[in-house]
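Structural features, examined
Here is how the chains run, residue by residue.
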Amino acid sequence: MFRQCRVAWNPPFSSRVPALAGVVAHQHRLTSAALAAAWLLLPVAAAAQSGAQGPEAFLRAARQAIAQGRYGDAESLARARGAGDPDAAGILGRLLVHKGRYEEAEALLAPAAQAGRRSEAALELGLLLMNLGRKSEARALLAPLVDAAADVRTPDAYLRGGRAARALRQSRSADLLLRGAQAAARDDAAMETAWGELFLEKFAPGDAASSFQAALKLDPKWAPAHLGMAWALEAEDPPVALASARRAVGIDPALTEAHLFVAQSALDNDRVDEARGAIRQALTVNPRHLEALALQAAVGWLEGRADEFEARAIAILEINADYGDVYRIAAAQAARKYRFEEAAALTRRALEIEPGNIRAHADLGLHLLRTGDEREARRALDTAFEADRFDIVTYNLLTMLDTLDSFASVKAGDAVLRLHPDEAPVLRHYAVPMVQEAMARMSERYELKPKGPVLVQVFPKHDDFAVRTLGIPGLLGALGASFGRVVTMDSPRARTPGSFNWQATLWHELAHVFTLQASNQRVPRWLTEGISVYEEGLLKPEYARDSESDFARAYGAGRVPKLAELNAGFTNPATISLAYYQSSLVVGLIIERYGQTGLNRLLAAYGEGLETDAALQRALGVGFDDLQEAFDVELASRFGQLGRALRVPEGFGPPKEKNAAALAALADKYPGSYPVQMSVGQVLASDPAARREAVRIFERAAKLVPTATGAASPRAMLAELALVQGDEAGARGYLKSLLADDHTNVEAARKLAALAEKARDEEARALAYERIVTIDPFDARAHTEFGKIAQRRGDLTTAVREFQAAVAAGPVDVAAARCDLGEVLLRAGRAADAKREVLAALEIAPTYARAQDLLLKIVER
């Protein structure tokens, strides 16, 4: 399960795969070097195209008709060319294959392919035989098409050769040939689409999207390009991707693969009946479509109907006895539901049937990484990479494992922490006790000793975390992920200090370990995410308030989804933050009414394979409708007034008035509206003569929304105004109040620290420095100051930790930091440890009087 934030990301691309130029360089448009490579193959292609009228014009028109769902037109075009035309036979055979009439297609294509070994018929027959598992026969037909492309040098030859090379897993040749096809026929959407599909296959969605966009610019009705765009956007923006797939279906209702995309989207949102309907539509077009049949079987497996799944698998293998994907696709569905051990077992079955299934080897590696079996994962990934060096996910995962080899391993009870060697000396002082505390407290709370060891990996580079999690860089807003026995996350250095609180993220992800294992990996996302956010609030209340105002605003606007639709909120970037918060409120309601025991019973019910309504009835004696009714009452009580305060009054716009009195009157006209108070207050704050009035307006806003956070929140603005007016005591008060709710605001903490130092306000200093070292643990000075505060309070355990962290974080004055640590160690009765620190200080500065005096004191003792 993923912990989210809003952070943009611009992906670099790996250079380990040297030959697939468009994929590797992450560049879709041709560079001069790429053009040179393409034109080595294509010196006369443009000339060939310019005068082409016969077969080339026919194929282009037929491909367009098929892409636009006009299958009858394509058939008419082919029949008009006569039975002896191998290219026309290829189109007719393709139409038969599309309907699942494989035997008729083979009978039609075989003699035509014999007559035209470089024709469309040879390609379609080769692809059909590959689909039916007759790979040696398929290779005999496809390999000559790859070789022929360089001789024939026409756009159609390049396209045929590229498609043949892709089917043969000759990625370098496929890229060069499809690149050549695109360069030779820049006005043909078929060429761009075929190239985009190769990019998709090699996990380069950005490049794929560029190709599909180019295709749609050429022909907005090219349905396969709309579908390709859906797959390119699927991870980044699922709602937009689904809309693109639906556009493809609208153009071509018989595009089976588009129906399967819709089915997958429905499965991801737990709309199983909708998924079944989409699969049925695909099978109506082609009752023998292997992927559709495999997905249909997988749905049965997900729902626990193992006998049905096996029977369907047997029927699929009768069509293609070598189709290991029947198990690989079920495994992929299991993995999407976080059932990784089952996914690994199913993938191994796929490999028993089809040992050469490279995608299955790669998938197995990813599944095993998520179960924590890194040794076997590397073995599977090595096998996949040796067979296909152009699979970017496999390459990325192997590179990530190489990076992990250098990480330090630190034991934390039943967990193992993997930390970057540059960060381990600092983070271990905080991460180890936090992991131990979480494991102890949650084991008691959920009455579960997790199956382990639990592996926690913390990455200083966000892309390494993203690759460890999904195999590709990106994961735009994710901060951490949990798979049941493996937790991965960003370290504090992976992002700008103040953008997130890594300790809250760590606690959140560790909670997933318990909810996933307690439910046998079957807990729905809304519940496990809700529990994790709720757990953050148990640790520190401010940790769970991140989206409180946004949620209240949505509630006031009537945009809070019903609980039955809550899971879908996690697949929409626009609603995911609200979905986290809403889910935590549901969990809070469950615990308030039914206690922790009731929540544990609910997790166990999911573990038995029950769906939500049945699980609620079993565990709590209520259904989803009952829970919704109680939740509605809770929301009205808690967010009714707050939601109204956050609503923008009808007809109100940004104030254009410059007169301070008129602005104040405007704010007074809407005293219960937080947006009005803030917009007016900000204008008044910019006018030195109106700042007193701005303070009054912001104070009113702070009362309307007491927990508002951020640099533009009322308390932050009031602190700034107080500083401008010379009221440092007032500024300290506002900042202390703000930090009680704003647990990621490191800038506010640093401002408070500076003001507290000046005023010798020990309470404010402690709050400020504690918050700084939590958010930015590599700030050596903050550790030193917090350590001194703890030392003065007699909290020697905290003081030792802080001075140790200060030394590890790389202070400016290392000798002084060593002496700070030595002094507190001596005071704690650890004279030998103190002596070691002092000697280290004297190695750096042999004449340092403070160190000499401390060493003498240690020796005297």
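Everything here concerns the structure above.
Residues numbered from 1 in each chain as written. Predicted model: local features only at pLDDT ≥ 70, side-chain atom pairs only at ≥ 80, totals over all residues. Heavy atoms only, no water.

1. Details of the side chain of D156
By the secondary structure assignment, D156 is in helix α10 (residues 155-167). Accessibility expressed as a relative area gives 5% for D156, which makes it buried. When sequence neighbours within four positions are dropped, the list of residues in contact with D156 reads E56, L59, R63 and M191. (Helix = DSSP H or I, 4+ residues; strand = E, 2+ residues; numbered from the N terminus. Buried < 20%, exposed > 50% of the residue type's maximum accessible area, 1.4 Å probe, protein only. Contact = heavy atoms within 4.5 Å.)

2. Quick notes on the pairing of strand β5 (residues 478-482)
With five of five residues buried, β5 is to be regarded as a mostly interior element. Where β5 and strand β6 (residues 486-490) come together, three bridges link them in antiparallel fashion. Bridged to S482 within β6 is V487. (Pairing = 2+ DSSP bridges.)

3. Let's talk about the packing of aromatic side chains
Evaluation of the coordinates by the stated rule reveals 15 aromatic pairs. Each ring, one from F385 and one from Y395, has its centre 6.5 Å from the other, and the planes form 35 degrees; the classification is tilted. Within this pair, whereas F385 is found in helix α23 (residues 374-387), its partner Y395 is found in helix α24 (residues 392-404), the two being separated by ten residues in sequence. For F385, a relative accessible area of 5% corresponds to the buried category. Relative accessible area serves as the criterion here: at 10%, Y395 is assigned to the buried category. Ring geometry for Y581 against F639: centres 6.3 Å apart, planes inclined by 80 degrees, an arrangement best described as edge-to-face. A residue pair is termed long-range when its members are at least 10 positions apart, and Y581 in helix α30 (residues 576-607) and F639 in helix α32 (residues 624-645) qualify at 58 residues. Across the pair, exposure class does not vary: Y581 and F639 are buried alike. By the ring-pair criterion, three or more aromatic residues cluster together here, those being Y338, F340 and F483. R493 extends its terminal NZ or CZ atom over the ring of F778, reaching a point 3.9 Å from the ring centre. (Phe/Tyr/Trp six-rings, centres within 6.5 Å; stacked < 30°, edge-to-face > 60°. Lys NZ or Arg CZ within 6 Å of the ring centre and 35° of its normal.)

4. What to know about the environment of R246
With respect to the secondary-structure elements, R246 resides in helix α15 (residues 238-251). On the basis of relative accessible area, R246 is assigned to the partly exposed category, the value being 42%. Along the chain, R246 and F261 lie 15 residues apart, while their C-alpha atoms are 9.1 Å from each other. Ignoring anything within four residues of it in the chain, the contact list for R246 reads V262 and E274.

5. Focus on helix α27 (residues 502-518)
The terminal C-alpha atoms of α27 lie 25 Å apart, and with 17 residues this matches the ideal 24 Å at 1.5 Å per residue to within 8%. Counting buried positions along α27 gives 16 out of 17 residues, so the element sits mostly inside the fold. Capping the start of α27, N501 holds a side-chain oxygen 3.0 Å from the backbone nitrogen of Q503, two or three residues further along. Positive phi appears at N520, one or two residues downstream of α27, with a value of about 55 degrees. (Expected span 1.5 Å × (residues − 1). Polar contact = N/O pair within 3.5 Å; in protein donor to acceptor, adjacent residues only side chain to side chain.)

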